[in-house]
Amino acid sequence: MAGRCEVKDLRHALENYLTMRRGLGFKLEETETQLAKFVLFMRKKRATFITNSLALEWAQQSVSSRNAPAKRLTLVRGLARYLSAFDARTQVPAENLLRHWPDRARPYLYNDQETKGLLEAALTRSMCDLNNRTYHCLFGLLAVSGIRVGEGIGLNIDDLDLNSGLLTIRKPKFGNTRVIPLHATTLRVLRDYKFRRDRFLGGRQVEPFFISNRGTRLFHTEVYRVFNLLSVKIGLRAPGDGRGPRLHDFRHRFAVRTLLQWYRSGQDAERLLPVLSTYLGHLRVTDTYWYLSACPELMGLAVQRLDRRWEGTI
């Protein structure tokens, strides 16, 4: 007979559930916050086990975004599946109880001319040469390395080994430090920037690699503001247009170009995909598979390879 998991044990059960999942590599900070609120909700309802109606009632309390209820219900579903092993009364909410709206922005795949135009525009943006070089190098590094915007802004001087050509991303989104090799041409530009940066600082030691004209770390809001201004300047978006290509889209460009290069050179992209996932800092390889459907040309090359596999030619 299945054991019973009463409300008085639910908080402890939640701790065990989170410990188990963190052992698999998940951080779950937001999950812990939300499920703690759900446990409190259950206590107020004097409920002794999870039901579909209770899960739906709690999930739909949030109106912060149209996807919030479905996301909250997903969190409860995971906990319910865990608790159902101990209490047969537990109901696991079905996948289709609440609609989940697509919230992943359609990627913009920069071409070489657009990327070059943005970097050249950065070099003539202001009267401060170092400030221009800072944005030129930051945007260029995002384009060729696939790192996140926050990771680029957060780079410290010790994170870049310009002798070995290795870039270290510490405390990234999912908590696992990763090392990314850089091309010789990228290193040449970064060495030049470091020389100019050090000369600008006049011997003063500061931690950030990319600095403002005050020698401080860049602010996210200022980076996005400069990017938007440059995007308008080179025609990527209209003045005042809140939509258009994003800085984050440089990650899409890096991922798609890497996969295209592998397919065109006849390499086994499927086998190499975990390597790309590591460079991008993805927790799951399935997150990287999304790029296959984001580019028609890439999807076509994948289908061609599949056809050749079925024909036995590879």
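The following paragraphs examine the structure supplied in this document. (Residues numbered from 1 in each chain as written. Predicted model: local features only at pLDDT ≥ 70, side-chain atom pairs only at ≥ 80, totals over all residues. Heavy atoms only, no water.)

Turning next to the sheet that holds strand 3 (residues 178-181). An order of 1-2-3 is seen for the three strands of this open sheet, with the pairing classed as antiparallel. Each of the sheet's edge strands pairs with one partner strand only, and the pair in question is strand 1 (160-161) and strand 3. Relative to strand 3, strand 2 (residues 166-169) runs antiparallel, the two sharing four bridges. In the strand pairing of strand 3, T168 is matched with V179. (Pairing = 2+ DSSP bridges. Helix = DSSP H or I, 4+ residues; strand = E, 2+ residues; numbered from the N terminus.)

All right, on to the packing of aromatic side chains then. All told, the structure shown has 11 aromatic pairs when counted by the stated rule. Here the aromatic rings of F38 and W58 are separated by 5.3 Å at their centres, their planes lie at 65 degrees, and the arrangement is edge-to-face. Placement of F38 in helix 2 (residues 29-44) and of W58 in helix 3 (residues 52-59) is noted, with a sequence separation of 20 residues between them. Accessibility assignment for this pair places F38 and W58 in one class, buried. Taken together, the ring pairs connect Y17, Y82 and F86 into an aromatic cluster. Above the ring of W58, the side-chain terminus of R72 is found at 3.9 Å from the ring centroid. (Phe/Tyr/Trp six-rings, centres within 6.5 Å; stacked < 30°, edge-to-face > 60°. Buried < 20%, exposed > 50% of the residue type's maximum accessible area, 1.4 Å probe, protein only. Lys NZ or Arg CZ within 6 Å of the ring centre and 35° of its normal.)

Here the second largest pocket is characterised by a volume of approximately 960 Å³. A143, V144, S145, R253 and R257 are, among the 31 residues lining the second largest pocket, the residues nearest its centre. Among the elements of the structure, helix 5 (112-122), helix 6 (129-145), strand 3, helix 8 (184-201) and helix 10 (249-264) are those that each provide at least two residues to the lining of the second largest pocket. When residues in the lining of the second largest pocket are grouped by element, the largest group, eight residues, is from helix 10. Taken together, the residues of the lining of the second largest pocket sort by class into 17 nonpolar, 10 polar and four charged. (1 Å grid on protein atoms, 1.4 Å probe; cavity = no way out; pocket = protein on both sides within 12 Å on 5 of 7 lines; lining within 4 Å. Points joined across faces, edges and corners; volume = space filled by probe spheres on them. Nonpolar A, V, L, I, M, F, W, Y, C, P; charged D, E, K, R; others polar.)

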